[in-house]
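Here is what each chain is made of, one letter per residue.
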Amino acid sequence: MPRRFFQLRSQAARPYRLNERDAALRESILRTFEDGDLDALCLIDRACFRRGIAYSRRMMRQLLYMPLAECFVAESESSICAFIITLAQAQEGHIITLDVLPEHRRTRIGTRLLEAAETRLARRGIRSISLEAAVDNAPAVAFWRNHGYCEERILKDYYRNGQDAWSMAKRLPHKKES
């Protein structure tokens, strides 16, 4: 599969000096998943989620190679620092996971990955996207709310460790590929 790159663009000129995180975003590259990325994605997932929520290597491989799955990764300083995995079926999309290493959070890398995934799904005719977020993960729930996702219901014992999750969803504008 050819490697596709998406250079993340910084926002319009700002009236203040770029801080270290802004500079990191400017130098970040967004691209599609490659076979050699699996180990890095597993390590990132374990750094982002505790046992019982993080995916096993076997499950991560299954998710990445599902026929309708797509994964974007973000690289900073030539190493992967974040990724998103989505699944498209009929006119519905699903965000399987969005993982950003703790030291790269609040740099807009997660937002850029989400925007890329939503754009791709919308162009494929996807009308709505769903996801799950742990009910006690306030930063994640806030992130999703800030990006237009709404809580629909609580899924009892959703995670292997018995933890509940919010089922969240968002409607997308229709942008079919031409």
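1. Concerning the packing of aromatic side chains
Consideration 1: Inspection of every chain in the model, using the stated rule, returns 4 aromatic pairs.
Consideration 2: With 5.8 Å between their ring centres and 75 degrees between their planes, Phe33 and Tyr65 make a pair best called edge-to-face. With Phe33 in the loop between strand 2 (29-32) and helix 2 (38-48) and Tyr65 in the loop between helix 3 (57-64) and strand 3 (69-76), this pair connects stretches of sequence that are 32 residues apart.
Consideration 3: Relative to Trp144, the ring of Phe143 has its centre 5.1 Å away and its plane inclined at 85 degrees; by these criteria the two rings are edge-to-face.
Consideration 4: Among the aromatic residues, those joined into a cluster by ring pairs are Phe143, Trp144 and Tyr149.

2. Some thoughts on the packing of helix 2 against helix 3
Two numbers describe a pair of packed helices, the interaxial angle and the distance between the axes.
Consideration 1: Where helix 2 contacts helix 3, the two axes come as close as 10 Å, and the packing angle between them is 120 degrees. By the criterion of interaxial angle, the relationship of helix 2 to helix 3 is oblique. Taken as a pair, helix 2 and helix 3 cross one another with a handedness that is right-handed. Residues Leu38, Asp39, Leu41, Cys42 and Asp45 of helix 2 form the contact with helix 3, whose own contacting residues are Arg57, Met60, Arg61 and Leu64.
Consideration 2: For the contact of helix 2 with helix 3, the residue count by class is 5 nonpolar, no polar and 4 charged.

3. Here we look at the side chain of His104
Consideration 1: Tracing the sequence through the fold places His104 in the loop between strand 5 (92-100) and helix 4 (109-123).
Consideration 2: By relative accessible area, His104 is classed as buried at 17%.

4. Regarding the pairing of strand 4 (residues 79-89)
Consideration 1: Taken across its 11 residues, strand 4 has 9 buried, putting it largely inside the fold.
Consideration 2: Where strand 3 folds back on strand 4, the antiparallel hairpin that results is connected by 2 residues, among which Glu77 adopts a positive phi of roughly 55 degrees.
Consideration 3: Pairing of strand 4 with strand 5, which is carried by 8 bridges, proceeds in the antiparallel orientation. Note that in strand 5 the partner of Leu87 across the bridge is His94.

Calculation rules
Residues numbered from 1 in each chain as written. Predicted model: local features only at pLDDT ≥ 70, side-chain atom pairs only at ≥ 80, totals over all residues. Heavy atoms only, no water. Phe/Tyr/Trp six-rings, centres within 6.5 Å; stacked < 30°, edge-to-face > 60°. Helix = DSSP H or I, 4+ residues; strand = E, 2+ residues; numbered from the N terminus. Axes fitted to C-alpha atoms, helices over the stretch in contact; angles between N-to-C directions. Parallel < 35°, antiparallel > 145°, perpendicular 65-115°, else oblique. Left-handed = near helix turned anticlockwise from the far one by under 90°. Contact = heavy atoms within 4.5 Å. Nonpolar A, V, L, I, M, F, W, Y, C, P; charged D, E, K, R; others polar. Buried < 20%, exposed > 50% of the residue type's maximum accessible area, 1.4 Å probe, protein only. Pairing = 2+ DSSP bridges.

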